[in-house]
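# Architecture and fold: a report
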Amino acid sequence: MTTLRAFTCDDLFRFNNINLDPLTETYGIPFYLQYLAHWPEYFIVAEAPGGELMGYSAPALMLCMFTVMGKAEGSVAREEWHGHVTALSVAPEFRRLGLAAKLMELLEEISEKKGGFFVDLFVRVSNQVAVNMYKQLGYSVYRTVLEYYSASSGEPDEDAYDMRKALSRDTEKKSVIPLPHPVRPEDIE
């Protein structure tokens with residue numbers, strides 16, 4: 001049986017099987033520790049019965065690697081207080097089991113409890129598997145962010161979709177009305 005639990009510092013040494021995936025953004029240890037210190041409730045990991053990380057949702061790192069990692073940010077006065085998915089990653093051998101959906105659900109519940117208006121995330125335009133999954137979970141493309149992801153080996157930078165899902169506090173769903181034009185990374189607040 002899969003166990004969902006809070007991410008711990010020890011998990012930093014156990015999640016390489018998830019982070020080595022080419023579609024997973026990786027960060028330095030100080031970045032993960034910052035999230036763990038500031039937004040521990042948003043750092044969730046899925047652990048397999050044998051103790052291996054299945055995935056994580058930022059903040060959540062993997063044991064049997066399935067994690068989600070996120071944070072709360074924005075302005076309440078401007079109705080921009082929201083949950084942000086920094087990373088969602090599931091180890092290849094544990095994909096298509098509904099783990100990503102469960103992690104996203106947990107992150108959304110935390111964001112609801114914190115009074116967020118919406119949850120947002122960034123995803124590579126080319127990652128259609130992820131884009132379609134997020135759409136199935138109720139997310140829509142709010143805007144395109146030009147050259148958001150840095151490329152390696154001389155290839156051009158890649159655009160991202162900023163996808164959002166309105167929460168119950170946004171009764172008029174204003175947070176998910178798509179912008180009619182793309183933006184640049186420096187234009188993002």
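Residues numbered from 1 in each chain as written. Predicted model: local features only at pLDDT ≥ 70, side-chain atom pairs only at ≥ 80, totals over all residues. Heavy atoms only, no water.

Naming follows an unreviewed UniProt entry, where the protein appears as N-alpha-acetyltransferase 20 of Irena cyanogastra. Listed in UniProt under the heading Subunit (unreviewed entry), the comment for the protein reads: "Component of the N-terminal acetyltransferase B (NatB) complex which is composed of NAA20 and NAA25." Regarding the protein, the UniProt comment filed under Sequence similarities (unreviewed entry) reads as follows: "Belongs to the acetyltransferase family. ARD1 subfamily." (UniProt positions renumbered as here; feature names shortened; annotations may be inferred.)

Before going further, it helps to examine the overall build of the protein. Counting secondary structure elements, the protein contains four helices and eight strands. Ordered by position from N to C terminus, the α and β elements of the protein give β-α-α-β-β-β-β-α-β-α-β-β. Counting across all 189 residues of the protein, residues that qualify as buried make up 48%. By element, 54% of the accessible surface of the protein is carried by carbon and sulfur atoms, the whole surface being about 9500 Å². (Helix = DSSP H or I, 4+ residues; strand = E, 2+ residues; numbered from the N terminus. Buried < 20%, exposed > 50% of the residue type's maximum accessible area, 1.4 Å probe, protein only. Areas by Shrake-Rupley, 256 points an atom, 1.4 Å probe, with all protein chains shown as cover.)

Another aspect to go through is the side chain of Ser-111. Within the element layout of this structure, Ser-111 appears in helix α3 (residues 99-113). Ignoring any residue separated from it by four or fewer positions in sequence, one finds Ser-111 in contact with Tyr-42, Gly-83, Gly-116, Val-119 and Leu-167. (Contact = heavy atoms within 4.5 Å.)

A few words on helix α2 (residues 29-38). Residues Tyr-32, Tyr-35 and Leu-36 constitute the buried set of α2. Down the axis of α2, the smallest arc covering the buried residues is 100 degrees, so these residues share one side. Of the residues in α2, the exposed ones pointing more than 90 degrees away from the buried face are Pro-30, Ala-37 and His-38. (Arc of directions from axis to C-beta.)

Take the environment of Gly-74 next. Within the element layout of this structure, Gly-74 appears in the loop between β4 (64-73) and β5 (82-90). Exposure remark for Gly-74: the relative accessible area of 49% places this residue in the partly exposed category. Setting aside chain neighbours within four positions, we find Gly-74 in contact with Glu-80, Trp-81 and His-82.

Let us now look at the pairing of β5. In terms of residue burial, β5 counts as a mostly covered element, since nine of its nine residues are buried. Of the pairings in the sheet, the one linking β5 to strand β6 (residues 118-124) comprises four bridges and is parallel in character. Each residue of the ladder has a partner; that of Val-85, found in β6, is Leu-121. In this region the chain leaves β5, passes through α3 and returns to the parallel neighbour β6; the handedness of that crossover is right-handed. (Pairing = 2+ DSSP bridges. Right-handed = clockwise from strand over helix to strand, strands pointing away.)

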